[in-house]
Amino acid sequence: MRLRITKLAVLVTCLTMVTVVLPTPYAAAEKPVNIRLASFNVGGSWYIWASAIASIVRPNLDEGTTIDVLPYQGGIGNPMLLAKGKAEVALSFLPCTKWAYNGLEPYKSADKNLRALVGGLSKPHRVGVLIRKDSGIKSLWEVVQKKLPAKIVTAQRGATGQAVAMQVLKEYGISPKELAKWGGSIEHVRMPVAIGRIKDGHTDIIIHNIGYKEPRFSELTLTTSIIFDKIQPEIQKRLADKYGYVQELVIEKDEFQGVGEDVPSIGYPTGLIANADLPDSIAYIITKAICENPKILGEAHASLKAFDPEKAWQPEFNGIALHPGAIKYYKEKGWMK
């Protein structure tokens, strides 16, 4: 979907129902360029974020520059778009960036061309293990120890949530084959279907990434008694070491109905990544526009209010180098030595 930026600012305003005041231009690119920014579904948070980013970057680029906000492919798919040359910039969960960079599953080959621009755009997503209380199961650890016939559901194959769930299960020692021997099962479906399954009592456990106070899980806990399982410390460490998750995160007390105390978990922040061949001048302008306009981003979407520009250069980039254009900006500000 190609969006001329004059229309894009209107779109962001309509989606967020706020008035966005664009920043005063401070620089110009060397020549008109076409930047394709990969996000996710129209109307979703990533699409709104990408639209807001495009709206503050555009005034600093030459006349004739266009920005295509791509309404696809999300956490797993966006690094693939960069690798295939179908996007220049993308939102990405940072562990996905590591998997793509190193060729870890679900990626088939390593992409050493990835570079980081801005990190820590919002509060990190956490890995949630949600157990239906009426199932009688208290934890994934109990499933392993007692070889319980648990019915487990994840997101559809190819989704970030599905990859996350399978990594967690693997570290707990739960494989589809072993679970089937115990009389259980693992099903991969779209998340609305998965939530319907647990509401109806047709499944016992959902494993998925959870945003802060994410509405669909808030609604689930209002209608169904849910246990949020604690991910064991040693398993947190293994997942962090292998896959780049951030440790020592929590699903917060009272964040969801029935959560009476902080629940230890792992997770990942969202960042903006690019191809190494993105011109330094463009990478610099994009980084500067984002870091110098946190208020506009926060007005576009509430979750972006957590963004701290001074820490944007030091998220868990997991060995993915910063783009030289981004480094130039961070050093100019004195945030990066």
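About the criteria used
- Residues numbered from 1 in each chain as written.
- Predicted model: local features only at pLDDT ≥ 70, side-chain atom pairs only at ≥ 80, totals over all residues.
- Heavy atoms only, no water.
- Helix = DSSP H or I, 4+ residues; strand = E, 2+ residues; numbered from the N terminus.
- Buried < 20%, exposed > 50% of the residue type's maximum accessible area, 1.4 Å probe, protein only.
- Contact = heavy atoms within 4.5 Å.
- Areas by Shrake-Rupley, 256 points an atom, 1.4 Å probe, with all protein chains shown as cover.
- Expected span 1.5 Å × (residues − 1).
- Axes fitted to C-alpha atoms, helices over the stretch in contact; angles between N-to-C directions.
- Parallel < 35°, antiparallel > 145°, perpendicular 65-115°, else oblique.
- Left-handed = near helix turned anticlockwise from the far one by under 90°.
- Nonpolar A, V, L, I, M, F, W, Y, C, P; charged D, E, K, R; others polar.
- pLDDT = per-residue confidence, 0-100.
- Salt bridge = Lys/Arg side-chain N within 4 Å of Asp/Glu carboxyl O.
- 1 Å grid on protein atoms, 1.4 Å probe; cavity = no way out; pocket = protein on both sides within 12 Å on 5 of 7 lines; lining within 4 Å.
- Points joined across faces, edges and corners; volume = space filled by probe spheres on them.
- Phe/Tyr/Trp six-rings, centres within 6.5 Å; stacked < 30°, edge-to-face > 60°.
- Lys NZ or Arg CZ within 6 Å of the ring centre and 35° of its normal.
- Core = buried A, V, L, I, M, F, W, Y, C linked by side-chain atoms within 4.5 Å.

A. Up close: the overall build of the protein. When its secondary structure is counted, the protein shows 13 helices and 13 strands. In the protein, which comprises 337 residues, the share counted as buried stands at 55%. For the protein, the proportion of contacts with a sequence separation of at least 24, taken over those separated by at least 6, is 76%. Taken as a whole, the protein presents about 14,800 Å² of accessible surface, with 52% of it coming from carbon and sulfur.

B. Local environment of helix α6 (residues 160–172). The end-to-end C-alpha separation of α6 is 19 Å, in line with the 18 Å expected for 13 residues at 1.5 Å each. With 11 of 13 residues buried, α6 lies mostly within the body of the structure. All buried positions along α6 are accounted for by Thr-160, Gly-161, Gln-162, Ala-163, Val-164, Ala-165, Gln-167, Val-168, Leu-169, Glu-171 and Tyr-172. Remark: Gly-173 follows α6 within two positions and exhibits a positive phi of approximately 85°.

C. Structural detail: the packing of α6 against helix α10 (residues 233–243). Orientation of α6 relative to α10, taken along the N-to-C sense of each, is 125°, at an axis distance of 10 Å. Comparing their axes, α10 and α6 come out oblique. Judged by the twist between their axes, the crossing of α6 over α10 is right-handed. Residues Gln-167, Val-168, Lys-170, Glu-171 and Tyr-172 of α6 form the contact with α10, whose own contacting residues are Ile-235, Arg-238, Leu-239, Lys-242 and Tyr-243. Considered class by class, the residues forming the contact of α6 with α10 number 5 nonpolar, 1 polar and 4 charged.

D. Representation of the confidence of the model for the protein. Counting all residues, the mean pLDDT for the protein is 89, and 89% of those residues have values of 70 or more. Confidence over residues 1–29 falls short of pLDDT 50; this stretch has 68 contacts with residues more than four positions distant or in other chains.

E. Spotlight on the pattern of salt bridges. Scanning the entire structure with this criterion turns up 13 salt bridges. Among the salt bridges present, the one from Glu-252 reaches Lys-123, with a minimum N-O distance of 3.6 Å. In this pair, Glu-252 is assigned in the loop between β11 (246–251) and β12 (263–268) and Lys-123 in the loop between β5 (114–118) and β6 (125–132), connecting sequence segments 129 residues apart. Lys-123 gets classed as partly exposed once you look at its relative accessible area, which sits at 39%. Where Glu-171 meets Arg-238, a salt bridge forms, and the shortest distance between an N and an O atom there is 2.8 Å. Taken as a pair, Glu-171 in helix α6 and Arg-238 in helix α10 lie far apart in primary sequence, 67 residues in all. The class for Arg-238 is partly exposed, based on a relative accessible area of 34%. Sharing partners across several salt bridges, the network here consists of Glu-171, Arg-238 and Lys-242.

F. Examining the layout of surface pockets more closely. The space that makes up the largest pocket amounts to roughly 950 Å³. Forming the boundary of the largest pocket are 35 residues, of which Phe-40, His-125, Asn-209, Glu-214 and Arg-216 lie nearest the centre. Contributions of two or more residues to the lining of the largest pocket are made by α2 (45–57), α3 (74–83), α6, α8 (191–199), β9 (205–210) and α9 (215–223). Taken together, 16 residues line the second largest pocket, and the ones lying closest to its centre are Glu-105, Ala-163, Met-166, Gln-167 and Tyr-243. Ranked by the residues each element gives to the lining of the second largest pocket, the list is headed by α6, at 6 residues. A breakdown of the residues in the lining of the second largest pocket according to their chemical character gives 10 nonpolar, 4 polar and 2 charged.

G. Fine view of the packing of aromatic side chains. Enumeration according to the criterion identifies 11 aromatic pairs in this entry. On the basis of an interplanar angle of 65° and a centroid distance of 6.3 Å, the ring pair of Trp-99 and Tyr-245 is categorised as edge-to-face. Here Trp-99, found in helix α4 (residues 94–102), pairs with Tyr-245, found in the loop between α10 and β11; they are 146 residues apart in sequence, far enough to count as distant. Across the pair, Tyr-245 and Trp-99 agree in class, each one buried. Ring geometry for Phe-228 and Phe-256: centres 5.5 Å apart, planes at 10°, overall stacked. Here Phe-256 lies in the loop between β11 and β12 and Phe-228 lies in strand β10 (residues 226–228), a separation of 28 residues in the sequence. Linked through ring pairs, Trp-46, Phe-93, Trp-99, Tyr-243, Tyr-245 and Tyr-268 together constitute an aromatic cluster. The ring centre of Tyr-212 lies 3.9 Å from the NZ or CZ of Lys-123, which sits over that ring. Lys-328 extends its terminal NZ or CZ atom over the ring of Tyr-284, reaching a point 5.0 Å from the ring centre.

H. Structural detail: the nonpolar core. Counting 89 residues, the largest nonpolar core has Leu-140, Ile-205, Ile-286 and Tyr-330 as its most contacted members. With 9 residues, the single largest contributor to this core is α2. In contact with Ile-286, not counting residues within four places along its chain, are Ile-35, Val-57, Val-89, Leu-117, Leu-272 and Leu-278. Counting 19 residues, the second-largest nonpolar core is a separate cluster that includes Leu-130, Met-191, Ile-206 and Val-263.

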